[in-house]
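# Chains, contacts and geometry: an overview
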Amino acid sequence: MRKLSIILGLIFAVLAVILSVLPLYKLAFIPAILAAIFGIVAFLKARNQDLPTHVIQVIFLLAIISLSLATYKTIFTVAEVGDTKELKQTEDKRKEEAKEELEDIIITD
């Protein structure tokens, strides 16, 4: 059970770090919390059996790093909406150009 918890904790911790760096940073919270849970389970099993906890510390470190990065990005990332008037004007211009091109087409049977 301890080895399984360590393996799952490492997988989730690495996945959380990867997701926290990508634009999908809000999804990093789920694997980071799962990594912390599996790390706690592995730590409790290792403490009962007096086994080393170095790998478990790495799991906690990666989970904390990913939670920190994802929280930072969540707080300080601002979604900006550009000027929609310019987008509307370019869309209208493209529609007019498309209409002109379609009018110039001669269809023969």
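Residues numbered from 1 in each chain as written. Predicted model: local features only at pLDDT ≥ 70, side-chain atom pairs only at ≥ 80, totals over all residues. Heavy atoms only, no water.

### Considerations on the packing of aromatic side chains
- What the rule picks out here adds up to two aromatic pairs.
- Here the aromatic rings of Phe12 and Phe38 are separated by 5.8 Å at their centres, their planes lie at 5°, and the arrangement is stacked. Residue Phe12 is found in helix H1 (residues 2-21), and its partner Phe38 is found in helix H2 (residues 29-49); the two are separated by 26 residues along the sequence.
- According to the relative accessible area criterion, Phe12 is partly exposed, its value standing at 21%.
- Residues Tyr72 and Phe76 carry aromatic rings whose centres are separated by 4.9 Å and whose planes lie at 45° to one another, so their mutual orientation is tilted. In this pair, Tyr72 and Phe76 are both assigned in helix H3 (residues 54-76), four residues apart and thus about one turn of the helix distant.
- Residue classification places Phe76 among the exposed residues on the basis of a relative accessible area of 56%. (Phe/Tyr/Trp six-rings, centres within 6.5 Å; stacked < 30°, edge-to-face > 60°. Helix = DSSP H or I, 4+ residues; strand = E, 2+ residues; numbered from the N terminus. Buried < 20%, exposed > 50% of the residue type's maximum accessible area, 1.4 Å probe, protein only.)

### A word on the environment of Ser68
- Turning to its location among the elements, Ser68 is positioned in helix H3.
- As a C-alpha pair, Ser68 and Gly39 span 29 residues in sequence and 17 Å in three-dimensional space.

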